[in-house]
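One-letter residues, chain by chain:
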Amino acid sequence: MGVLAGPQDGAADGDRAEGDADAGSSRPRGGFRGQDAVFGLEVAANPWRGRYDVGDLTGSEWVAERLPGARIVKAFNTLFAAFIAADPQHEEGHQAVFYAGDGTDAKAAVAALLNRFGFAALDLGGLREGGRLMQLDGPLSARHFLLQDAG
């Protein structure tokens, strides 16, 4: 499970912390710093083969428990890489990206970033309910949608 943390407001540009989290350990490993460093978090918790045992939690909830104070937003989890890399703006509409998180400020920042990139940002609620919709084998897993412009 890979983890990447980026700077919080006020942190120096390019000030990043990277590390690894192991589902069998209680804490992420790597160069994590205090609250000044963590703004967003990207977690690759859906292995192609097998599953991590995180009990009744979603992968994002599991990570959130191990990074107290982090503002975690799960996004892009339902899309294959080709749909992320391609231009999200189509004649028929914008590529939808679902996101979920428990912090309103962090979710607003992610939604603004998604919209700036040209995606249609669709909020699925908190990490628990939204995460379950997006997780591997969830109803939105590997589903690709265009949000039509209402003109």
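Residues numbered from 1 in each chain as written. Predicted model: local features only at pLDDT ≥ 70, side-chain atom pairs only at ≥ 80, totals over all residues. Heavy atoms only, no water.

Asker: Requested: an account of the pairing of strand β7 (residues 93-101), with residues and values cited.
Answerer: Summarising burial for β7: eight of the nine residues are buried, a large majority. Direction of pairing for strand β6 (residues 89-90) relative to β7: antiparallel, over a ladder of two bridges. Each residue of the ladder has a partner; that of His-90, found in β7, is Gly-93. Remark: two residues form the turn of the hairpin made by β6 and β7, two consecutive strands paired antiparallel. In this structure, β7 lies alongside strand β9 (residues 146-147), joined through two bridges in antiparallel fashion. The residue of β9 that forms the bridge with Gln-95 is Leu-146. Relative to strand β8 (residues 120-123), β7 is paired through four bridges, and the arrangement is parallel. Paired with Tyr-99 across the bridge in β8 is Asp-123. Read as a crossover between parallel neighbours, the route from β7 over helix α3 (residues 104-116) to β8 is right-handed. (Buried < 20%, exposed > 50% of the residue type's maximum accessible area, 1.4 Å probe, protein only. Helix = DSSP H or I, 4+ residues; strand = E, 2+ residues; numbered from the N terminus. Pairing = 2+ DSSP bridges. Right-handed = clockwise from strand over helix to strand, strands pointing away.)

Asker: Describe the pattern of salt bridges, naming the residues involved and giving the relevant values.
Answerer: One pass over the structure, following the stated rule, counts five salt bridges. When the shortest N-O distance is used, the salt bridge between Glu-65 and Arg-66 registers 3.5 Å. Residue classification places Glu-65 among the exposed positions, given a relative accessible area of 51%. Across the pair Asp-123 and Lys-107 runs a salt bridge whose closest N-O atoms are separated by 3.0 Å. A residue pair is termed long-range when its members are at least 10 positions apart, and Asp-123 in strand β8 and Lys-107 in helix α3 qualify at 16 residues. Residues joined in a network through salt bridges with shared partners are Asp-56, Glu-61, Arg-128 and Arg-132. (Salt bridge = Lys/Arg side-chain N within 4 Å of Asp/Glu carboxyl O.)

Asker: Which residues make up the nonpolar core, and what values go with them?
Answerer: Core analysis: the biggest nonpolar cluster contains nine residues, these being Val-73, Leu-79, Val-97, Tyr-99, Ala-106, Val-110, Ala-111, Leu-114 and Phe-119. Elements supplying a minimum of two residues to this core: β7 and α3. Top element by residues in this core is α3. It accounts for four residues. (Core = buried A, V, L, I, M, F, W, Y, C linked by side-chain atoms within 4.5 Å.)

Asker: Which residues make up helix α4 (residues 127-134), and what values do they have?
Answerer: Among the residues making up α4, those that are buried are Leu-127, Gly-130, Gly-131 and Met-134. Seen along its axis, α4 keeps its buried residues to an arc of 100 degrees; they face one direction. In this structure, the buried residues of α4 make contact with α1 (59-66), β5 (73-75) and β7. (Arc of directions from axis to C-beta. Contact = heavy atoms within 4.5 Å.)

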